[in-house]
Amino acid sequence: MRAFTIEQYGGPDGGRIAEAPDPRVGADDVLVRIHAASVNPLDLRIRDGDFKAILSYRLPLVLGNDFAGVVVQVGPAVTRFAVGDEVYARPDKDRIGTFAELIAVHQDDVAVKPAALTMEEAASLPLVALASWQALIGRAQVQPGQKVLIHAGVGGFGTIAVQLAKEMGAYVATTASAAKVDLVKGLGADVVVDYKNQDFETVLDGYDVVVDTLGGETLEKSLKVLKPGGKIISLAGPPDAAFARELGANPALQLVMSALSLRIRLRAKRRHVSYSFLFMKASGDELRELTMLVDAGKIRPVVDRVFPFDQTREAMEYVEKGRAKSGKVVITMT
């Protein structure tokens, strides 16, 4: 099969389309012919080696973390799917590789594709939709009437998280440029802070939850908008010891991650709020819950641009340089 692979960790010049072995199909696996895959910031970080100390990928490595496609083979223990099913998924972190013609995925990580969506639209959802679900429902346990701030509301994650938070009954604020106010309000945002002309930490106050996708200074400032007992959940900030334990990391690595997040955790504690790092997990069950929301018209994908597979490197560069105006960038295999 053809696949976009990296042979060593590095920058934007790394990676090329090459022939790779077809995936081996285990007893509980479905083999999927990929029609489309989306580009996520996670792909860039894996390419650059940011996670090589904690995610032991073997090189050469096929990149890509979510997809939509058609089942072409099932393992002998598979009960949920049949050949011909249209599906989508975020594979387990140890089995990535969606920038390819084929992928084998455990049946527990797969869901039937939302009927109303194209393959490209469906491929844009799994990673960001699952991250939104796990941040807002799993980690924050958002309740109706709570105030939730989601940074970067026009980004791939933000466009879905804003919709999900609103569906949960939250009062939703987000940050975006003035030109994107109508877009994010159309997704459900109650308050939009123009990050180019306003400091969100001086405009917002008394929030129960902040979901951070930017890290750095934005993460630090976000502490100021939370009320006592509030929670900040970051997809971009420093990892913590809880994340290391989830990975099954050794005690030494747990200490390292605890040290990395010590500063922000201490600052959060002084404000009587909590900080946690989220690295989303594959889950077919959660994806099926999200599918029902999509099919009911409660959540809709936002796709910025679709690139052909032969332009995978250009698609990644497009994301890396911040050229996407709203939503996700997708690669189509057909």
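These remarks concern the structure in this document. (Residues numbered from 1 in each chain as written. Predicted model: local features only at pLDDT ≥ 70, side-chain atom pairs only at ≥ 80, totals over all residues. Heavy atoms only, no water.)

### Brief notes about the sheet that holds strand S11 (residues 191–194)
Logical step 1: Spatial strand order, S11-S10-S9-S12-S13-S14: six strands in an open sheet with parallel pairing. In this open sheet, the two edge strands, each paired with only one partner strand, are S11 and strand S14 (274–277). Within the sheet, the average angular offset between the axes of one strand and its neighbour, ignoring direction, is 15 degrees.
Logical step 2: In terms of strand pairing, strand S9 (residues 147–150) meets strand S12 (residues 207–212) through three bridges, oriented parallel. The residue of S12 that forms the bridge with Val148 is Val209. (Pairing = 2+ DSSP bridges. Helix = DSSP H or I, 4+ residues; strand = E, 2+ residues; numbered from the N terminus. Axes fitted to C-alpha atoms, helices over the stretch in contact; angles between N-to-C directions.)

### Side note on the environment of Val78
Logical step 1: Residue position: Val78 is located in the loop between strand S5 (67–74) and strand S6 (86–89).
Logical step 2: Along the backbone, Val78 and Ala27 are 51 residues apart, and their C-alpha atoms lie at a distance of 6.9 Å.
Logical step 3: If we skip the residues at most four places from it in the chain, Val78 touches Ala27, Asp28, Asp29, Val30 and Gln107. (Contact = heavy atoms within 4.5 Å.)

### Some details on the sheet that holds strand S1 (residues 2–6)
Logical step 1: Pairing within the open sheet is antiparallel, and its three strands lie in the order S2-S1-S4. The sheet terminates laterally at strand S2 (16–19) and strand S4 (61–62), the two strands that pair on one side only.

### Things to note about the environment of Val25
Logical step 1: Mapped onto the fold, Val25 is located in the loop between S2 and strand S3 (29–39).
Logical step 2: The partly exposed category is assigned to Val25, whose relative accessible area is 27%.
Logical step 3: Along the primary structure Val25 and Ala115 are separated by 90 residues, whereas in three dimensions their C-alpha atoms are 26 Å apart. (Buried < 20%, exposed > 50% of the residue type's maximum accessible area, 1.4 Å probe, protein only.)

### Here we look at the pattern of salt bridges
Logical step 1: If you walk through the whole model with that rule in mind, you get 20 salt bridges.
Logical step 2: Taking the shortest distance from any N to any O, the salt bridge between Lys227 and Asp208 comes out at 2.9 Å. Note that Lys227 is positioned in strand S13 (residues 226–234) and Asp208 in strand S12, a separation of 19 residues in sequence. (Salt bridge = Lys/Arg side-chain N within 4 Å of Asp/Glu carboxyl O.)

### As for unusual backbone geometry
Logical step 1: Following Leu59, the chain continues to Pro60 via a peptide bond in cis, the omega torsion being 0 degrees.
Logical step 2: Of note in the backbone geometry, Gln141 takes a positive phi value of approximately 50 degrees without being a glycine.
Logical step 3: Note on placement: Gln141 falls in the loop between helix H3 (126–139) and S9.
Logical step 4: A positive phi is found at His272, a non-glycine position, where the angle reads about 60 degrees.
Logical step 5: With relative accessibility at 58%, the residue His272 sits in the exposed group.

### Some details on the side chain of Glu201
Logical step 1: The topology assignment puts Glu201 in helix H6 (residues 200–203).
Logical step 2: Classification of Glu201 by relative accessible area gives buried; the value is 15%.
Logical step 3: Once you skip the residues sitting within four places of it in the chain, Glu201 turns out to touch Lys221, Lys224 and Val225.

### Considering the packing of H3 against helix H11 (residues 284–295)
Logical step 1: Contact geometry of H3 with H11 gives a least axis separation of 10 Å together with a crossing angle of 100 degrees. The orientation of H3 relative to H11 falls into the category roughly perpendicular. Contacts from Pro126, Ala129, Leu130, Trp133 and Gln134 of H3 reach H11 at Glu286, Leu287, Glu289, Leu290 and Leu293.
Logical step 2: Partitioned by chemical class, the residues of the contact of H3 with H11 number seven nonpolar, one polar and two charged. (Parallel < 35°, antiparallel > 145°, perpendicular 65-115°, else oblique. Nonpolar A, V, L, I, M, F, W, Y, C, P; charged D, E, K, R; others polar.)

### Focus: the pairing of strand S10 (residues 171–176)
Two faces belong to every sheet, and in a regular strand the side chains alternate between them.
Logical step 1: Counting buried residues along S10, five of its six residues qualify, which places the element largely inside the surrounding structure.
Logical step 2: Pairing geometry for S9 and S10, over four bridges, is parallel. Paired with Lys147 across the two strands is Tyr171, which belongs to S10.
Logical step 3: For the crossover from S9 across helix H4 (residues 156–167) to S10, the handedness is right-handed. (Right-handed = clockwise from strand over helix to strand, strands pointing away.)

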